Structures are given as C-alpha cells and as structure tokens.
Amino acid sequence: MLSSLAKLRASRPTARAALSALTGPLPVSRSQALGTSERLAAVTSLLSSLEHLTMPDQKRPGGLNDWALARQGHAHYGRPLRKLLDIVADERTSQVLHAARVAASAALLLPGDSRGRGAANLFLGLSGALLYPTHRYGTDGSDQASTMVQTATGLARLAPSPAAQDALMWYVAFQSNLSYVVSGWVKLLGQDWRNGSALTGVMRTRTYGHERVWRLARRHPRCARALAHGVLAMECLFPVLYLKGGLLTRPMIGGVAVFHVANGFVMGLGRFIPAFTAMHPMVAYTSTPRSHPAAAGRDDRMPATAGLLLAGAAATAAAVAFHRRLRTTDHVYGGTVITRHGNELAHDGTVGGHDDGPVSVLVHGLGALPAHFSWYTRALNAGGRQWLAYGRAGYGASRRHARTPYHLGESVDDLLDLIGAAVPEGRQVVLVGHSLGGEIARRAAARLGERAHSVVYVDSSHPEQLDRSGQQGKNARHVEEMIRTTSVSLRMGLGILMQTPDWVRNLPVPVRSRAMSEFADARVWTAALREWRAAERDFRSFEGPLARLDTHALVLSAQHTVDRDPDHLLMHQDLADAHLPGRTVRSVVVETADHDGILTDPRLAGEAARSLVAFLDETTAGEAAGQRPATAGQEAR
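Now for a description of the structure that goes with this document.

Parameters and conventions
- Every chain is numbered independently, its residues counted from 1 as its sequence is written.
- Since the coordinates come from a predicted model, pLDDT governs what is reported: local features require at least 70, and pairs of side-chain atoms require 80 or more to be given and counted, while whole-chain, interface and lining totals use all residues.
- Only hydrogens and water are set aside when side-chain values are computed; all heavy atoms of the structure are taken into account.
- For helices the rule is a DSSP run of H or I covering at least 4 residues; for strands it is a run of E covering at least 2, with both sets numbered from the N terminus onward.
- Exposure classes here rest on a 1.4 Å probe applied to the protein chains alone. A residue is buried below 20% of its type maximum, exposed above 50%, and partly exposed in between.
- Throughout, a residue-residue contact means that at least one pair of heavy atoms, one from each residue, lies within 4.5 Å.
- Pairs of N or O atoms are called polar contacts if they sit within 3.5 Å, as long as, within protein, a hydrogen donor faces a hydrogen acceptor (for residues adjacent in sequence, only side-chain-to-side-chain pairs).
- Every axis corresponds to a line fitted to the C-alpha atoms, with the helix fit spanning only the stretch in contact, and the corresponding angles, defined between N-to-C directions, vary from 0 to 180 degrees.
- Working rule for angles: under 35 degrees goes down as roughly parallel, over 145 as roughly antiparallel, 65 to 115 as roughly perpendicular, anything else as oblique.
- Should the near helix be turned counterclockwise from the far one by less than a right angle, the crossing is left-handed, whereas a clockwise turn marks it as right-handed.
- Residues enter patches when they are more than 30% accessible in relative terms and free of salt bridges; like-charged ones are connected within 9 Å and nonpolar ones (Val, Leu, Ile, Met, Phe, Trp, Tyr) within 5 Å.
- Using the Shrake-Rupley algorithm and a 1.4 Å probe, accessible areas are obtained, with residue cover drawn only from the displayed protein chains.
- Every case where a carboxyl oxygen of Asp or Glu lies within 4 Å of a side-chain nitrogen of Lys or Arg is listed as a salt bridge.
- Two strands are said to pair when DSSP picks up at least two bridges between them.

Notes on the side chain of R484
Summarising the element assignment, R484 is placed in helix α21 (residues 470-491). Residue class for R484 comes out buried when judged on its relative accessible area of 12%. The residues touching R484, leaving out its near neighbours within four places in the chain, are L189, G190, Q191, R194, L529 and R533.

In structure tokens:
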C-alpha cells in the first residue's frame, strides 16, 4: 500500500510536466516570429512558382488559367489595370516573374536578418498580387495567404521602429484568427457540418476526395462525426488562445497545424501547410504575455486601435443597413394592395384605363427583384404595352403579415388578389414569370380562367425539377445553405462588404442604386429562404402531370441553362405542351444567355424582350381578327 502511494506521488510531477508541455504560451521573440513567418511564406511562393514554370500548358488556350477566358472576369476594372494585367499575363512576362520569385524565395530560406530581406518579401507580395488574377484557379487561397504574409513581413523588415513592426504582426495575427473564425462559423451554418456528415461527403468528391479515408469514415461514422465537430470547435473558438495568458496557445496552434498537414495529405492541398502556418509564429508572438521575456517591450496598441476601428465599422455598417432598409421599404411610386392573407404588396406599372389590351404582370424569381425586369419594361413601353410589376411579400417595400406557415399557394393567392385590385375589371393579363416566378405564374393562370391571356416562362422553374434533374436535386441543399449564409451575414450587418454584382451593373442606370439597396437587404434573403424551403417541399411532393392551360404561351430558355442541364430543356418543353392545342405556343432559346443574363444583360434581355413583344403583337392581332394563330414549335434566337 505504501509503495503504491509513493508511486502515485512520483507520477504527479510527471503528469504536471506533460500538461505544462501541452498547454501555455508558445513564446517566440519578434525577430524569431518574423524570420519563421517569412521562411514559411517563401516555401509557399517557391512551390507555387515552380509549379507554374513546370506546367505552362495551364495558361495556354484551353488551359485551366487561359487568360483569354479569365480576363473576362476583370472587364469591369479600369483600362490601366486591365492593360497591366494583360502584360503580366503574357507568357514571357509571367515566366520572368515566376523565375524571379523562385530566386527571391530561395534567398529568403537562407539565414539572415537584413533589411534586404524586406525588399525580397515586398517583391514576392506585390508580384503575387499581380499574378494572382492571371492564374487564380488551383491556388485554393494559399497564394492569397502567402501574399498577405509576405507584404506584412516586408513592411515590417523595412519599418523604422519596433512599434510599427508589432502593429504589422498584430495585423497578420488578426487575419489568421479571422480566417479560422469565419471559416468555422460559415461551416456551422451548413447542415452537413452540424450533423457531422461533412467529412464523409468531402472525401467522396472528385476534387478533394480520398477513397481510403472515405471508406474509413463510412466504416467509423462516430469517429468521422467527432472529427468534423472537432474541426468546427477548433475553428470557431480559435481566438480563445489569447485568454488566460495564452494557456491554450499550444493546443490550438498545434491542432490547426495538424489540420493543415492532414488537408495537404488527404485533400492534395499541399501549399496550405506552409501558407497558413506562416501566420502562426505571429499568433504565437502576440498571444505570449508581455511579462514573458520573449514578448517584453511588445507594443500592444494595435488591438485597442483595431477595436475602435471595428466599433466604428460596425456603426457605419449599421447606418448603411438602416439607410438601405429605409430606401427599400419606401414605396414612392405605384400603390399597395392588401391580400387575403394580410400581406401588403407594393406595385408599380403603367396600367391605365385608356387601353383594352392585356396587361403584362411581371413575377420575379426567388431572391430576385422587380428591377430584374427593367429591360423588359422598357421594351413593353416602346411597344405600347401596359405592365404591372410587384414585389412578393417580404421583398422590397412589400410586407408579409400572414401568421400561417408559408407555402407557395400563398404567393399564388397574393398574385390573384393583386390582379383583382390593380388591373381594371375585364382586362386580360399576360403572366411573365422568371425562375420560381414562372411556376407561380403557371399556377395563377390555372385559376384565372378566361382572364389569363397567356403565360410567358422566362427560364422558368418546373415542379418536377428536383426529381427529374439529378444536377438540381443534388444541388438543392447547397442552394439553401448559400441563401441562409447570406441571410445571416446581412442580418449581422455585413451588407456593407457586399460587392455590386454584375447583373446590377448591367441594369439601366436609374434603377441600379435602388436595386443594390434591395439586394443587400436581409429581408430579401429571409424571404428567399422562406420561399426556397416551401418550394423544395412542394416540388418534392409534386405528382404530375401539369395542369392543362387554355392560354397562349411563350417559353424563353437561357442557352446556358439548357446546355448545362439537358433535363431542363425537356421540362421547358413540358411547360409548352401543357397549353391546349389551338393556342399560340412559342419556344425560344436565347443563345449565350444564362439564368440572370436573360433578364439583365442589355443585349440578351433586349433580344428576349423583343421576342415577348412580337409574341404579344401576334396573339393580340390574331384575337382582334377573331382568329387563333396556329401553334408553332421551338426556335432559336
């Protein structure tokens, strides 16, 4: 008994020593942190440039980074920057830059602590920023991380004071924390990460998968779930290493380092290892208590300054969001209609009593806006056609007051009530619906009877698309996650960071500003999430066939939509076939158009809108003469 107690007492110091080795700060000095970070970043740029030098085919015609194709993504830049990128993308210039980067990276791996290393780091940072747009595919963010570290270390090497060096090192540490925290909380929004199935799903993909690991994860689901939850906790809680004098610095930095090594081995993200671990020495330096000799004299004014800037940024973001909300909900033109569900629909248009022709009622898609139809309304005005545009409940100035759970039938009811209140009695309507709006329009037409003149399906949804299209059925969950992530981000006030998308820049100038305000408003995305969940439930339970409609029909399909998913072309044909014989039915594929471009690209939307006006001219002319125009088949424009 005495012998056992003695052994227990002897083991206690050993256990404490082991615990002390695994916890606590990871003390490194300022110069050690700088030197380690710049060498790890140099490994990343060395590997990156060697890869580009040994694989020139990626930049040639048809390659992964063919500049003739990639430059289209930078068309909105100013002419000087576009010219500069064209020069950098030239094969000879690119090879010279990469060769110089190899030399600079190799030099930084050598011992030394001179200011000349700062110039080498700055060259790598600036050249990396210039080269990135010309071969961004295949980097997976590693080149961006190394460019940021090299720019900061270069400036720190050339900084005139230790305080300036510490400020730059705090900046890199903040970026490291931010990269993990944002990644973790975004993952947390995804159902796969919350239920622990994400690891198994990633391991079966062609891009990042690993068959042996996938089989292990399938064989041991509890371990896979625990590992997925561990990654979530590690990323979401990474900043805790600054608490309690850096008590958790060693396990947190060690954990994420192992995580990157595993990613490099399993997912083929080899450059992730040096790229992201290059930030860890600065995290270790800034998390070491100032009482430790390694961090003595460290200037910690940067966190306080960053806190004040963050508070100011948060106040600015809140003010911008508030201004956008006021502008979005301020309905200056048109009127409002209260529907049977208590919803308040804001509408605008040119409906008047001087015409007896059909009114085009524009029904926007999920997560879209009435402004999407701006080019169409211009064409309708030019053709002397009256129109009515509105936002569904929760979009723009329209408000949802219904107390019952949302379903697609609610939007159909709202549309019928809008027509009943805003379109003069006796006037027929042309229901023009884009995406989900096309399905809502189709269902409304079935209930309007003789008042429905025609249905125009603009790259429309189909109630069987999630079952008949393997591509869309597979992507349904990712669509919901994207919408939910955007909704949460905007509710957190991050709308100020949202860049203006291309489709907004393509709209007529007078509507762009308001369209951006609406698009960056969390209400739009909250409504979109509500509609998507209802649509998915509805579509999954749909049992055909489509209801037969005694109206004219025009089916406008975007070429990119039907090319990427041939099943969708067949479903668009189903929409056309659902209209009774004897009615005019036209099918038009708008060449080179995508799902949004068919509405917002000036040229392509103009082409589609001209097809719409010609279709209305044909059908109304035939009816005025007492005839029903013959049914026509598919054509391409």
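That was the structure; now back to the text.
Details of the side chain of S461
Here S461 lies in the loop between β6 (452-458) and α20 (465-468). With a relative accessible area of 8%, S461 lands in the buried category. Of note is the side chain of S461, whose polar atom sits 3.2 Å from the backbone nitrogen of L436. Setting aside residues no more than four positions away along its own chain, S461 makes contact with S435, L436, E439, F539 and L575.

Some points on the packing of helix α8 (residues 162-189) against helix α12 (residues 221-236)
To describe two helices that pack against each other, one gives the angle between their axes and the distance between the axes. Viewed as axis vectors pointing N to C, α8 and α12 meet at an angle of 135°, and their least axial separation amounts to 7 Å. On the basis of the axis angle, α8 is oblique to α12. Seen from above, α8 lies across α12 with left-handed handedness. On α12, the residues touching Y180, V181, S183, G184, W185, K187 and L188 of α8 are L232, E235 and C236.

Regarding unusual backbone geometry
With a phi close to 55°, S435 is a non-glycine residue in the positive phi region. As for its placement among the helices and strands, S435 is situated in the loop between β5 (429-434) and α19 (436-448). Judged by relative accessible area, which is 14%, S435 ranks as buried. A positive phi angle, near 70°, is found at T592, a position not held by glycine. Mapped onto the fold, T592 is located in the loop between β8 (585-590) and α27 (597-600).

A closer look at a nonpolar patch on the surface
Nonpolar side chains collect at one region of the surface, where M492, L494, I496 and L497 lie side by side and expose about 410 Å² of accessible area between them. Within the element layout of this structure, L497 appears in the loop between α21 and α22 (502-505). Relative accessible area serves as the criterion here: at 64%, L497 is assigned to the exposed category.

A few points about the pairing of β8
Of all 6 residues in β8, 6 are buried; the element is thus mostly enclosed. Residue alternation in β8 divides its side chains into two sets, V585, S587 and V589 and R586, V588 and V590, and both sets are buried. The pairing of strand β7 (residues 552-558) with β8 spans 6 bridges and is classified as parallel. Looking at the pairing, V555 lines up with S587 of β8.

Points about the pattern of salt bridges
Pairing is possible between side chains of opposite charge, provided their charged atoms come close. Counted under the stated rule, the structure contains 31 salt bridges. For E51, the salt bridge identified is with R271, shortest N-O distance 2.5 Å. Of this pair, E51 sits in helix α2 (residues 30-54) while R271 is found in the loop between α13 (249-266) and α14 (272-277), placing the two residues 220 residues apart along the sequence. For E51, a relative accessible area of 33% corresponds to the partly exposed category.

None of the figures reported here should be taken as evidence of function without further support.
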